[in-house]
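Listed here are the chains, written in short residue letters.
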Amino acid sequence: MTLDYLIIGAGPAGLQLAALLERDGRDYLVLEAGTAPGTFFATYPRHRTLISINKVWTGSEDPEFNLRADWNSLLSDDPSLLFKHYSRRYFPQADDLVRYLADFASRLNLRIRYGTRVSRVAFGDGLFDVDGIAARRVVVATGVSELYVPPIPGAELAERYDTVSVRPEDFTNQRVLIIGKGNSAFETADALLETAAVIHVAGPHSIRLAWQTHYVGHLRAVNNNFLDTYQLKSQNAVLDGTVERIERRPGGGLRIDLRYARTVEQPRRLEYDRIIFATGFRFDASIFDDSARPRLAIDDRFPEQTSAFESVNVPGLYFAGTLTQQRDFKRSTNGFIHGFRYGVRALHRILALRHHGTPWPSSRVEASPEGIADAVIARVNRTSGLWQQFAVLADVVLADGSYLEEVPVAFLRDGGLGPDVFAFVTTLEYGPGHDTVDPFDITVPRIAENDAAAAHEAAYLHPVVRAYRGAEVVAEHHLAENLENHWDLPAVHREPLSRFVKGVLADA
């Protein structure tokens, strides 16, 4: 028997795709190494508090709008399968997510084969061979499961984020160096504040704060109490520099040579009782035979993909979930459940379009300037998909009034909906340079709220409507930013947009 789709991994992305394939009656199977779904979250984060928010109360009864503040739910037609029924905590516990994913798989009767670790993926004669299972297409949804360890001499002397003790008392009165400047590093540092004598966090690059960059993978406030102890001189420090060597210290412990990034002085020798690598994760490509080995990108941390989430060099090999952040690395949200759930839905629609002759789902709107403007305004004020996948996913209105939701912009530009499409394409976007300004610095001027004339200069999230002819943008219109993200004022938002659409149609 040959499957249409073989999904590797029953994490959130694998479950999301399986649920959509199951709903449509497709031929698929999920292979999962663990004994239950979401085994990554049975271990990570190590200190068990998620950084994905769970805002239960939004003041709205609109389920689409409410997904903007629900970063853990997968997409389904079952309202009982919303994460708010599993936790009311704003930053929930990882064990609640594990329980949720198990129920999601069970209630939707997803076809998953547990306890099946894939060891070899090969390709030949138009088919994939996955440990003896034949499939026309393979979707890899394994996430970034392999800890990245920098090539530092003596790295084997350090401990690793994935295996180091999570008992703070095991570090009592010790000097600890944590190498890495992401959330896993600061999560670890925060956990040791009450017991360690000295904690240093080191890395060659500056800390990027999520509240400034709007990238949720940068350092989150929930993990940065450590910065407070550093700035208030509590024997802790952030070191900007490169660890060039780790070696044993005579008499016990470890020492490093650190080359500072901010000065030209000689490397500094520092001594510690323990050193921990918390330097992030990467894609494990070891399961691929040479015939099916995907090309890698971004320091070999991710498989390189087309705008259809397909391997650039292995046709029929697709990717879902965290792996798809190669397409928007550190710019949007494909690396996280609240982003990739929409990316997976887009992948499902791409597969249906390519392999089953199913057009992209659409509705009809009045193909007039007023009708198109009204449809766009209504949608941007409630959409979660465009809100979460800012600048990556777009709603597309064709000239005949067909309204298509959540199309990847890059897929459209690559001709995924046809080579000569004429359409109005709506995204939510931050302005250029939004991540370079301290949002709490009141000496920095900002564009006035609801200033339609200056909307294109807005730094905060706001709708952008572009007219495309094929891959070319022929016109662009920005809707003015609004404090509560209500882009529906007649004179400020609706009427200028209607005039823009009318002008584009007149020139078409």
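The structure we're discussing is the one just above.
These remarks concern the structure in this document. (Residues numbered from 1 in each chain as written. Predicted model: local features only at pLDDT ≥ 70, side-chain atom pairs only at ≥ 80, totals over all residues. Heavy atoms only, no water.)

## With respect to the overall build of the protein chain
Put simply, the rule is: A run of DSSP states H or I qualifies as a helix once it reaches four residues; a run of E qualifies as a strand once it reaches two. Both are numbered from the N-terminal end. With the radius of gyration taken over C-alpha atoms, the globule rule is written as 2.2 Å times the number of residues to the power 0.38. Partly exposed describes any residue whose relative accessible area lies between the buried limit of under 20% and the exposed limit of over 50%, with all areas from a 1.4 Å probe on protein chains only and scaled to the type maximum. By definition, residues are in contact when any of their heavy atoms lie within 4.5 Å. Using the Shrake-Rupley algorithm and a 1.4 Å probe, accessible areas are obtained, with residue cover drawn only from the displayed protein chains. Charged residues are defined narrowly, with Lys and Arg counted positive, Asp and Glu counted negative, and His plus the chain ends left uncounted. For charged residues, the charge sits on one atom: NZ in Lys, CZ in Arg, CG in Asp, CD in Glu.
Helix and strand counts for the protein chain come out as eleven helices and 24 strands. Its C-alpha atoms give the protein chain a radius of gyration of 24 Å, near enough to 23 Å, the size a compact globule of 508 residues would have. Across its three principal axes, the protein chain shows a C-alpha extent of roughly 80 × 65 × 45 Å. The buried share of the protein chain, reckoned over its 508 residues, is 55%. Sequence-distant contacts, at least 24 apart, represent 65% of the contacts inside the protein chain between residues at least 6 apart. As displayed, the protein chain offers around 22400 Å² of accessible surface, 49% of which is attributable to carbon and sulfur atoms. The average position of the 54 basic charges and that of the 65 acidic charges among the side chains of the protein chain differ by 3 Å.

## What about the side chain of asparagine 381?
For clarity, the threshold we go by: Whenever two N or O atoms come within 3.5 Å, that pair is a polar contact, provided that in protein one can donate a hydrogen and the other can accept it, and provided that, for residues adjacent in sequence, both atoms are side-chain atoms.
The topology assignment puts asparagine 381 in the loop between helix 8 (369-380) and helix 9 (385-388). Asparagine 381 sits in the buried class, given a relative accessible area of 16%. Separated by 2.7 Å, the side chain of asparagine 381 and the backbone oxygen of isoleucine 377 make a polar contact. Engagement of the side chain of asparagine 381 in a polar contact is seen with the backbone nitrogen of tryptophan 487, the distance being 2.7 Å. Not counting the four nearest positions on each side in its chain, asparagine 381 is found in contact with Phe65, Arg68, Asn485, His486, Trp487 and Asp488.

## Structural notes on the environment of glycine 11
You can see glycine 11 is positioned in the loop between strand 1 (2-8) and helix 1 (12-23). Taking the C-alpha atoms as reference points, glycine 11 and glycine 143, 132 residues apart in sequence, are found 8.0 Å from one another. Each residue touching glycine 11, except ones within four places of it in the same chain, is listed here: Glu32 and Gly38.

## Observations regarding the packing of aromatic side chains
Worth spelling out the cut-off: Working definition: a ring pair exists when centres of Phe, Tyr or Trp rings (six-membered ring for Trp) sit within 6.5 Å. Plane angles under 30 degrees give stacked, over 60 give edge-to-face, the rest tilted.
Per the counting criterion, the structure on display carries 22 aromatic pairs. On the basis of an interplanar angle of 85° and a centroid distance of 5.7 Å, the ring pair of phenylalanine 83 and tyrosine 100 is categorised as edge-to-face. Within this pair, whereas phenylalanine 83 is found in the loop between helix 2 (63-66) and helix 3 (94-107), its partner tyrosine 100 is found in helix 3, the two being separated by 17 residues in sequence. With a relative accessible area of 0%, phenylalanine 83 lands in the buried category. The class for tyrosine 100 is buried, based on a relative accessible area of 0%. Ring centres of phenylalanine 283 and phenylalanine 288 lie 6.1 Å apart, and the angle between their planes is 50°; on these two criteria the pair is classed as tilted.

## Thoughts on the pattern of salt bridges
Stated precisely, the cut-off is as follows: Any Lys or Arg side-chain nitrogen found within 4 Å of a carboxyl oxygen on Asp or Glu counts as a salt bridge.
One pass over the full model with this rule turns up 32 salt bridges. In this structure, arginine 137 and aspartate 4 form a salt bridge, with 3.9 Å as the shortest nitrogen-oxygen distance. Highlighted residues: arginine 137 in strand 6 (residues 133-140) and aspartate 4 in strand 1, separated in sequence by 133 residues. Judged by its relative accessible area of 11%, arginine 137 falls in the buried class. Two residues, arginine 364 and aspartate 400, come together in a salt bridge whose shortest N-O distance is 3.6 Å. Note that arginine 364 is positioned in strand 19 (residues 362-364) and aspartate 400 in the loop between strand 20 (393-398) and strand 21 (402-408), a separation of 36 residues in sequence. Classification of aspartate 400 by relative accessible area gives partly exposed; the value is 43%.

## A few points about the side chain of arginine 26
The residue arginine 26 is located in the loop between helix 1 and strand 2 (28-31) in this model. Setting aside residues up to four positions removed in sequence, arginine 26 forms contacts with Leu21, Arg111, Ala352, His356 and Thr358.

## Considerations on the sheet that holds strand 19
In plain terms, the rule: Note on pairing: DSSP must find at least two bridges between two strands before they are called paired. Here an angle of 0 to 180 degrees is reported between the N-to-C directions of two axes, which are lines fitted to C-alpha atoms, with helices fitted over the stretch in contact.
A sheet is described by the order of its strands in space; here six strands give the open sequence 19-21-20-22-23-24, paired in antiparallel fashion. Looking at strand neighbours, the two that pair on one side only are strand 19 and strand 24 (472-478), the edges of this open sheet. In this sheet, neighbouring strand axes are inclined to one another by 25° on average, regardless of whether the strands run parallel or antiparallel. Pairing of strand 22 (residues 422-429) with strand 23 (residues 462-469), which is carried by eight bridges, proceeds in the antiparallel orientation. Paired with threonine 426 across the bridge in strand 23 is valine 465. Across the sheet, helix 8 lies against strand 20, strand 21, strand 22 and strand 23, angled at about 40° from strand 21, the strand it touches most.

Take it as geometry only, folks, not as evidence of what the structure does.
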